[in-house]
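Close look at the chain arrangement
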Amino acid sequence: MLNRRELNKSKRTVIITLVVTVGMFGFGFALVPLYNVLCDIAGLNGKTGPKYVLQSGELEADLSRLVKVQFITSNNENMSWHFKPEVTQVEVHPGELMQVDFLVSNPTQQDMLAQAVPSLSPSEGADYFHKVECFCFTQQTLQAGEEARMPLRFVIDKDLPKHLTKLTLSYTLFDLTNSDISMASVPK
Amino acid sequence: MSAVVENELNEHHHHGPAKGISRWLFTTNHKDIGSMYLWFSFTMFLVGGCMALTIRAELFQPGLQIINPEFFNQMTTMHGLIMVFGAVMPAFVGLANWLVPMMIGAPDMALPRMNNWSFWILPFAFTMLLSTLFMDGGGPNFGWTFYAPLSTTYAPPSVTFFIFGVHMMGISSIMGAINVIATILNMRAPGMNMMKMPLFVWTWLITAFLLIAVMPVLAGVVTMMLMDIHFGTSFFNAAGGGDPVLFQHVFWFFGHPEVYIMILPAFGVVSQIIPTFSRKKLFGYSSMVWATSSIALLSFTVWAHHMFTVGIPLFGELFFMYATMLIAVPTGVKVFNWVATMFRGSISFETPMLFSIAFVILFSIGGFSGLMLAIAPADFQYHDTYFVVAHFHYVLVPGAIFGIFAAVYYWLPKWCGRMYSETLGKAHFWLSFVGMNLAFFPMHFLGLAGMPRRIPDYALQFADFNMISSVGAFLFGATQLLFLYIVVSTIRSGAKASAAVWEGAEGLEWTIPSPAPYHTFTEPPVVK
Amino acid sequence: MRSVWIRWAVPFFLLAFSSITKAEYGVNMTPGVTDISQSVYDLHMIVFWICVVIGIVVFGVMFWSMFKYRKSQGAKPAQFHESTLVEIIWTIIPVIILVAMAIPATSTLREIYDVEESDIDIKITGYQWKWRYDYINDEVGFFSSLSTPQDQINNQEAKSDNYLLEVDEPLVIPVNKKIRFLVTSNDVIHSWWVPAFAVKKDAIPGFVNEAWTKVNTPGIYRGQCAELCGKDHGFMPIVVKAVEEPEYKAWLLAKQEKAKAETLLASQQSAQQWSLEDLMAKGETVYNTSCAMCHQANGEGIPPAFPAIKGSAIAMGAVENHISIVLDGKPGTAMQAFGQQLNDVDLAAVITYERNAWGNKKGDVVSPQDIAKAKGN
């Protein structure tokens with residue numbers, strides 16, 4: 001049906017469109033790290049970023065203002081651990097290093113593995129909330145009946161926009177004991 | 001369906017099409033494949049329609065009468081999947097197969113064998129998809145938009161078959177799109193430069209580019225689902241560092257261009273029909289091409305308007321609101337151009353024209369509700385309510401579906417050489433028009449009054465409009481059996497049609513006999 | 001034929017649009033009871049009327065053309081088919097109209113995104129298929145489940161006025177105070193929506209979203225879950241009771257007292273002895289609120305997804321197993337860990353009920369102390 005010239009042009013078109021197809025499939029997968037990068041850069045979606053390394057001289061409290069930080073906890077699905085912050089709310093100066101402990105206990109007869117996932121609201125504050133030490137950086141194991149005290153150490157960036165006076169940090173605790181999730185990525 | 005024509009200048013074919021089932025299994029002829037796509041899509045339309053009627057029967061009155069909530073969720077999910085992937089998209093591919101080669105003076109599609117594969121994947125994919133309803137745990141029940149984690153961690157076992165089915169439909173669409181692009185770019189008759197192509201060819205070319213851009217992204221997102229469900233990854237699971245909202249971004253990056261894929265060919269159809277029955281050239285051909293291209297390009301920038309309540313920061317919400325409002329501009333241009341074509345024309349109201357006029361008016365109403373939905377703060381009240389259901393059914397039913405009906409009435413005489421009964425065609429139109437409006441107009445009110453989507457039972461203040469809507473739906477559904485009768489009786493015993501069929505019709509397809517010979521344009525025509 | 005078309009279409013549109021502003025007929029959005037909801041309503045109406053006007057103009061030209069330029073009446077077609085000037089005009093005018101719409105839309109959206117400090121913070125958690133409200137600074141938390149009886153849903157009984165929009169425990173908030181909601185989910189994505197506040201926010205597992213409202217008028221406001229979340233997505237309504245501040249304070253105090261009393265009750269060693277009759281009565285209420293949606297009011301369930309409890313191996317077998325499955329749930333199924341959700345008295349009552357209702361007649365009495373022991377307290 002096609003003459004030689006049409007056949008060659010068609011082959012070229014097919015190859016190009018196939019390349020585009022495969023490229024767009026790859027693009028779909030590329031959206032995953034791209035999404036994470038954008039969330040990190042812009043503090044979108046309440047993602048507060050990985051372990052924060054303090055710069056020298058950074059810990060200089062801005063005494064002119066106080067920021068309220070609330071802590072809320074949730075257990076995902078049937079997660080049975082008791083999990084609550086020692087205090088529900090603290091007031092802290094930007095630039096001031098603060099520690100808040102979370103009390104957790106495993107009331108069951110089994111050893112269990114858990115992962116805490118943080119989320120900050122309002123999301124525009126997430127970029128300014130730096131976790132120096134957090135139990136959410138690693139999975140947590142508790143033996144049957146074991147209790148623990150897990151620390152969170154954080155500092156709020158002095159550049160936090162002035163109109164943000166209250167931040168809420170939420171942790172959701174997931175039960176990973178029987179999960180087949182391979183922990184390739186550290187949650188942020 | 002089409003007659004066999006000897007062509008002594010052609011060395012390859014001295015025989016007609018094969019006889020019996022082999023003809024259809026192995027055909028590489030664009031007319032045969034086009035017909036198969038159209039019959040397949042109509043079958044799927046009736047199947048999806050039965051699911052819709054099951055839904056409307058349950059929603060006829062408050063309370064649970066007929067089915068339980070679990071099965072209801074399967075019906076809403078499958079209705080959406082079947083209509084989108086089984087009825088609308090294959091119908092447009094069928095029209096492309098039949099019409100594009102004839103309109104550009106080509107003897108067939110560029111890749112006839114791949115064309116055959118593109119079709120035959122579909123019955124296999126949909127048999128598998130429909131069989132999930134009978135599997136343990138039932139069929140997919142998470143909406144046609146299958147958000148995670150409802151569709152991953154909480155899905156029934158059949159979800160794996162759902163994913164497989166989506167992959168297959170995607171491969172079929174991608175292959176079809178490659179074929180369309182290769183055909184249109186390389187096989188136009190001499191003298192037919194791009195700006196002389198019929199608008200249906202233009203809209204299909206643009207649609208095909210959208211398809212190869214976004215169907216692979218859909219394939220990507222269902223692959224990620226598969227990996228989360230079976231291979232321990234956490235794309236959409238916060239426990240492993242993932243995010244359910246990521247699903248929505250990737251899905252709608254596909255999903256929004258997808259809805260333009262479902263309407264652009266209908267724009268093309270209507271742009272062929274209105275000039276014919278107004279006996280006047282299409283107003284603003286080049287701006288129609290520009291507008292369609294703009295719509296396609298802009299469609300990549302608006303996806304998160306489906307996600308206004310997900311917790312996107314202010315800047316993001318504003319961007320997506322503005323971009324979505326902007327799409328109204330080229331769309332409006334198209335509507336104005338159709339109206340300007342009719343204005344000071346010489347109009348007659350045969351069935352294709354009735355469907356096309358209804359398309360312009362009712363699709364525009366869908367466009368207005370779309371504009372309202374674009375306003376993000378107002379969308380907080382519309383999102384996930386029946387207002388959205390009304391919106392998309394107005395753009396899809398009197399939009400895509402009426403466009404397909406219009407195309408069938410317009411070109412059926414060319415395909416089979418016989419005229420349909422104008423009286424019956426008009427009856428089909430009016431009954432569909434009334435049924436459709438009765439079914440979907442009240443849904444605007446239901447949504448505004450506070451009725452959410454995807455619920456099998458509702459509070460008492462929603463009862464009256466739900467009842468009206470159900471009556472309309474049954475009327476619309478029953479009328480499509482009339483359509484089936486019309487098509488079959490036309491093919492078997494309609495009055496003979498001429499080559500030109502319609503006074504005022506322009507285009508290469510009207511220069512060949514009716515029915516179109518099995519092989520046409522084996523020698524390219526000269527286009528002035 | 002044509003005149004029939006016009007004679008029918010014109011009154012249709014007039015009728016449809018004329019009554020559209022009357023919210024009480026249930027055809028329009030509610031202006032609601034907050035400043036934001038009123039702004040949203042105003043925005044909705046502005047955009048709506050602009051669309052109506054555009055529609056009248058465009059469809060008017062169409063109908064006019066269909067009437068005046070009919071071939072059957074001898075119209076001859078004109079020859080024009082392009083005009084750059086006209087195209088430019090009808091591109092620019094819509095852009096201007098859109099910019100005009102975007103301005104109030106932007107300003108309303110910015111108000112909605114305001115993060116000025118709130119007076120009260122409430123955590124809202126979506127569950128399959130109910131809501132949980134926790135007053136963050138006040139140590140008060142409770143579940144809020146649909147309270148419409150199954151019999152009404154199954155058409156055995158007449159439906160009440162607030163059919164499907166009523167709950168056992170509404171959310172109570174004071175008027176004229178800024179209330180901030182922190183929305184998350186226990187399982188799949190849900191969405192918390194109260195039309196009267198124009199608040200709709202998705203509840204996403206692992207993440208927290210925030211929304212706020214400030215109610216001007218006391219009253220009861222009803223909403224529904226607005227994101228498909230499984231089987232009973234249509235059966236997890238929201239009821240908010242907005243009251244004057246003194247009433248709110250009193251309610252909060254009463255809730256705190258009740259919570260203390262329940263903890264005390266469950267922990268006492270020689271505590272109040274609950275009789276079979278008392279447990280059955282309470283158990284039936286708990287069962288109908290928390291269990292009947294899946295296991296049905298008659299205990300027969302919807303096998304295989306929702307097993308029967310009537311005559312079942314668990315209800316008729318060892319008490320420990322029955323307690324265990326109610327407390328810890330069954331992973332991989334919809335059976336939740338109710339030990340996380342119900343207090344010891346309710347758990348004891350519902351298990352006692354299940355073992356004695358529908359002809360099960362085990363005669364077992366499970367006490368709150370048994371539950372506390374099983375929980376390891």
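The structure presented is a predicted model; accordingly, all values stated were derived computationally and were not measured.

The rules we used
- Residues numbered from 1 in each chain as written.
- Chains lettered and ligands numbered in written order.
- Predicted model: local features only at pLDDT ≥ 70, side-chain atom pairs only at ≥ 80, totals over all residues.
- Helix = DSSP H or I, 4+ residues; strand = E, 2+ residues; numbered from the N terminus.
- Rg over C-alpha atoms; globule rule 2.2 N^0.38 Å.
- Buried ≥ 20, exposed ≤ 12 C-beta atoms within 10 Å, placed from the backbone.
- Contact = placed C-beta atoms within 7 Å.
- Nonpolar A, V, L, I, M, F, W, Y, C, P; charged D, E, K, R; others polar.
- Pairing = 2+ DSSP bridges.
- Axes fitted to C-alpha atoms, helices over the stretch in contact; angles between N-to-C directions.
- Parallel < 35°, antiparallel > 145°, perpendicular 65-115°, else oblique.
- Left-handed = near helix turned anticlockwise from the far one by under 90°.
- Core = buried A, V, L, I, M, F, W, Y, C linked by C-beta atoms within 7 Å.
- pLDDT = per-residue confidence, 0-100.
- Expected span 1.5 Å × (residues − 1).

1. Some remarks on the overall build of chain C
If you tally the helices and strands in chain C, you get 11 helices and 10 strands. At 28 Å, chain C has a C-alpha radius of gyration far larger than the 21 Å of a compact globule built from 377 residues. Once the C-alpha set of chain C is aligned to its principal axes, its extents read approximately 95 × 50 × 35 Å. The buried share of chain C, reckoned over its 377 residues, is 39%. Once local pairs closer than 6 in sequence are excluded, the contacts in chain C between residues at least 24 apart make up 64%.

2. Digging into the overall build of chain A
From N to C terminus, chain A includes one helix and nine strands. Moving toward the C terminus, one meets the helices and strands of chain A in the order α-β-β-β-β-β-β-β-β-β. The globule rule puts the C-alpha radius of gyration for 188 residues at 16 Å, and the 23 Å found for chain A is more than 25% above it. Projected onto the principal axes, the alpha-carbon positions of chain A cover approximately 80 × 50 × 25 Å. In chain A, buried positions account for 37% of the 188 residues. Across chain A, every contact between residues at least 6 apart in sequence was considered, and the portion connecting residues at least 24 apart equals 75%.

3. Points about the interface of chain C and chain B
On the side of chain B, 78 residues touch chain C, which itself brings 77 residues to the contact. Broken down by secondary-structure element, the contributors of at least two residues to the side of chain C that touches chain B are α2 (35-68), α3 (84-112), β7 (199-203) and β9 (219-225) of chain C. Take the side of chain C that touches chain B: its biggest share by element is 14 residues, from α3 of chain C. Tallied by class, the residues present in the side of chain C that touches chain B amount to 44 nonpolar, 19 polar and 14 charged.

4. Comments concerning the pairing of strand β5 (residues 112-121) of chain A
Residues and elements named next belong to chain A. Summarising burial for β5: eight of the 10 residues are buried, a large majority. As paired elements, β5 and strand β9 (residues 166-175) share eight bridges and run antiparallel to each other. When the bridges of β9 are listed, serine 121 appears paired with threonine 168.

5. Some thoughts on the packing of helix α13 (residues 386-416) of chain B against helix α14 (residues 422-449) of chain B
All names here are of chain B. Where α13 contacts α14, the axes come no closer than 7 Å and their chain directions differ by 165°. The pairing of α13 with α14 is recorded here as roughly antiparallel in orientation. α13 and α14 meet at a crossing whose hand is left-handed. Of the residues in α14, those in contact with Tyr386, Phe387, Val388, Val389, Ala390, His393, Tyr394, Val397, Pro398 and Tyr409 of α13 are Gly425, Met436, Phe440, Met443, His444, Leu446, Gly447 and Leu448. Counted by class, the contact of α13 with α14 contains 14 nonpolar, four polar and no charged residues.

6. Describing the interface of chain C and chain A
Tallying the contact residues gives 25 residues for chain C and 24 residues for chain A. Mapped onto the side of chain C that touches chain A, the elements with two or more residues apiece are β1 (120-127), β5 (179-185) and β8 (209-213) of chain C. Looking at the side of chain C that touches chain A residue by residue, the classes come out as eight nonpolar, 10 polar and seven charged.

7. Here's the deal with the environment of serine 121 of chain A
Within the secondary structure, serine 121 of chain A is located in strand β5. The class for serine 121 of chain A is buried, based on 26 C-beta atoms found within 10 Å. Sequence spacing of serine 121 of chain A and glutamate 133 of chain A is 12 residues, and the spatial spacing of their C-alpha atoms is 19 Å. The residues contacting serine 121 of chain A, other than those within four sequence positions of it, are Gly46 and Thr168 of chain A together with Leu182, Val208, Asn209 and Glu210 of chain C.

8. Structural notes on the sheet that holds strand β6 (residues 129-134) of chain A
Residue and element names in this part refer to chain A. Reading across from one edge, β2-β4-β8-β6 is the order of the four strands in this open sheet, with antiparallel pairing throughout. The sheet is open, and its two borders are formed by β2 (82-85) and β6, each paired with just one other strand. For this sheet the average axis-to-axis angle between neighbouring strands, irrespective of direction, equals 25°. Here strand β4 (residues 97-105) runs beside strand β8 (residues 147-156); their pairing, made up of nine bridges, is antiparallel. Across the sheet, glutamine 99 pairs through a bridge with arginine 153, a residue of β8.

9. Quick notes on the nonpolar core
In this structure, Phe359 and Ala406 of chain B are the most contacted members of the largest nonpolar core, which totals 301 residues. Beyond its immediate chain neighbours, meaning those up to four positions away, phenylalanine 359 of chain B contacts Ala266, Val270, Pro398, Gly399, Phe402, Gly403 and Ala406 of chain B. Core analysis: the next-biggest nonpolar cluster, separate from the first, contains 20 residues, Leu279, Cys291, Val326 and Val350 of chain C among them.

10. A short note on the environment of leucine 98 of chain C
Structurally, leucine 98 of chain C is set in helix α3. We classify leucine 98 of chain C as partly exposed; it has 19 C-beta atoms within 10 Å. As a C-alpha pair, leucine 98 of chain C and phenylalanine 67 of chain C span 31 residues in sequence and 31 Å in three-dimensional space. Leaving out residues up to four positions away in the same chain, leucine 98 of chain C has contacts with Met325 and Ala328 of chain B.

11. Describing the confidence of the model for chain A
Looking at chain A, the pLDDT average stands at 88 and 93% of residues meet or exceed 70. Low pLDDT (under 50) marks residues 184-188 of chain A, which in the prediction has 14 contacts with non-local residues, meaning those over four places away or in another chain.

12. A look at the sheet that holds β9 of chain C
Residues and elements named next belong to chain C. What the five strands build is an open sheet, ordered β4-β10-β9-β6-β7; its pairing is mixed. Sheet topology places β4 (171-174) and β7 at the edges, where each strand pairs with a single neighbour. Each strand axis lies, on average, 25° off the axis of its neighbour in the sheet, ignoring direction. Pairing analysis gives five bridges linking β9 to strand β10 (residues 238-243), with the strands arranged antiparallel. Along β10, the bridge assignment pairs glycine 223 with isoleucine 238.

13. Remarks on helix α9 (residues 285-298) of chain B
Here α9 of chain B is 14 residues long and its end C-alpha atoms lie 20 Å apart, about the 20 Å a rise of 1.5 Å per residue gives. Tyr285, Ser287, Met288, Ala291, Thr292, Ile295, Ala296 and Leu298 of chain B are the residues of α9 of chain B that are buried. Next to the buried residues of α9 of chain B lie α6 (199-230), α7 (244-261), α8 (264-278) and α10 (314-342) of chain B together with α3 of chain C.

14. Overview of unusual backbone geometry
The omega torsion of the bond from serine 121 of chain A to proline 122 of chain A falls at -5°, within 30 degrees of zero and hence cis. Mapped onto the elements, proline 122 of chain A comes out in the loop between β5 and β6. Proline 515 of chain B follows serine 514 of chain B through a cis peptide bond whose omega is 0°. Within the secondary structure layout, proline 515 of chain B lies in the segment after β2 (495-496). Unlike most non-glycine residues, arginine 279 of chain B shows phi in positive territory, near 55°. Residues other than glycine seldom take positive phi values, yet asparagine 176 of chain C does so here, at roughly 60°. Among the secondary structure elements, asparagine 176 of chain C is positioned in the loop between β4 and β5. Exposure remark for asparagine 176 of chain C: the 13 C-beta atoms within 10 Å place this residue in the partly exposed category.

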